[in-house]
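Structure assessment
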Amino acid sequence: MNWNWLGWLCWLAVVVLCVFTVKYIRNHQLMLIAKTKKRFSSKLFIRYVLLTILSLACIGLMAYFTFFRSVDVHNTQAVTTSETYEPLQLGNTKHGFYYVVANRSRMGKHPVVSYTYWTKNSKNTTDSRFGSIADSNSYISTQASVYPWNKKRLKEENRRTGRAFVAQMTIHYKNTPLNGLGVRCGRVATTYTLLRIPGANMIDLN
């Protein structure tokens, strides 16, 4: 059973509550005007405020679970991880042959916004927010070290490929009630690309 039904049911309940709140305020306000010729009642106003607060609180709570709740990539009760590895190939750029091209922004201080790299018969690009380069003695970068990599496998690929490989991690939400509340079960939580190269001289700054 996929727990996403719980999230859809809760979102439906929130929509029903919001519709009820709007209709309740409208109907009672019209009745107030029709019966008393007045537009304000302190008793009704308190009800309006309480219903509105309840509706907004429910919307905020569901929005948090669905859109804003951060994922703990180390929490094996909430997520599953998978990794893929491929050797890097030298790519032909206008400056020579490189393993990686660091693509910089054309505005501001020209920060790196993405990385382009080559594997067997494939040219790939990854966003720099979800990728990094390891070009020192360590086979894992500081940024990538916060993810739960299989260190033994990384070390093996580092030796096997002569320090030139790409490791990609994909993290999926597990089928749990909490993830279902945010309609997240089975969805990709995040991905990360680790580019391992022998040295910084194998990076082309574009």
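As the structure is a prediction and not an experimental result, all values here were calculated from the model.

**A few points about the overall build of the protein chain**
Helix and strand counts for the protein chain stand at 4 helices and 10 strands. Secondary structure elements in the protein chain, listed N-terminal to C-terminal, are α-α-β-β-β-β-β-β-β-α-β-α-β-β. By the compact-globule yardstick of 17 Å for 206 residues, the protein chain is too spread out, its C-alpha radius of gyration being 26 Å. Once the C-alpha set of the protein chain is aligned to its principal axes, its extents read approximately 85 × 45 × 30 Å. Out of the 206 residues belonging to the protein chain, those deemed buried represent 37%. In the protein chain, the share of contacts with a sequence separation of at least 24, taken over all contacts with a separation of at least 6, comes to 65%. With an accessible surface of roughly 12,800 Å², the protein chain has 60% of that area assigned to carbon and sulfur atoms. Of note, the protein chain has its 27 positive side-chain charges centred 20 Å away from the centre of its 8 negative side-chain charges.

**Some words on the pattern of salt bridges**
Tallying each qualifying case throughout the model produces 3 salt bridges. Between Arg129 and Asp127 there is a salt bridge; the shortest N-O distance is 3.0 Å. You can call Arg129 exposed: its relative accessible area is 62%. Of the residues examined, Asp127 reaches a relative accessible area of 27% and is grouped as partly exposed. Among the salt bridges present, the one from Glu157 reaches Arg160, with a minimum N-O distance of 2.8 Å.

**Comments concerning the sheet that holds strand E4 (residues 100–104)**
If you walk across this open sheet you meet the 4 strands as E6-E5-E4-E10, and the pairing is mixed. The sheet is open, and its two borders are formed by strand E6 (122–127) and strand E10 (203–205), each paired with just one other strand. Looking at each pair of strands side by side, their axes are set apart by 25° on average, direction ignored. In the sheet, E4 pairs with strand E5 (residues 112–119) via 5 bridges, with the strands oriented antiparallel. Across the sheet, Val100 pairs through a bridge with Tyr117, a residue of E5.

**Digging into the state of the cysteines**
A complete count under the given rule lists 0 disulfides for this structure. Among the cysteines around Cys10, which has no disulfide bond, Cys58 carries the closest sulfur, lying 9.3 Å off. The thiol of Cys58 is unpaired, and the distance to the nearest cysteine sulfur, on Cys18, comes to 7.7 Å.

Conventions we followed
- Residues numbered from 1 in each chain as written.
- Predicted model: local features only at pLDDT ≥ 70, side-chain atom pairs only at ≥ 80, totals over all residues.
- Heavy atoms only, no water.
- Helix = DSSP H or I, 4+ residues; strand = E, 2+ residues; numbered from the N terminus.
- Rg over C-alpha atoms; globule rule 2.2 N^0.38 Å.
- Buried < 20%, exposed > 50% of the residue type's maximum accessible area, 1.4 Å probe, protein only.
- Contact = heavy atoms within 4.5 Å.
- Areas by Shrake-Rupley, 256 points an atom, 1.4 Å probe, with all protein chains shown as cover.
- Lys, Arg positive; Asp, Glu negative; His and termini not counted.
- Charge placed at Lys NZ, Arg CZ, Asp CG, Glu CD.
- Salt bridge = Lys/Arg side-chain N within 4 Å of Asp/Glu carboxyl O.
- Pairing = 2+ DSSP bridges.
- Axes fitted to C-alpha atoms, helices over the stretch in contact; angles between N-to-C directions.
- Disulfide = S-S within 2.5 Å.

Nothing here speaks to function; it is geometry throughout.
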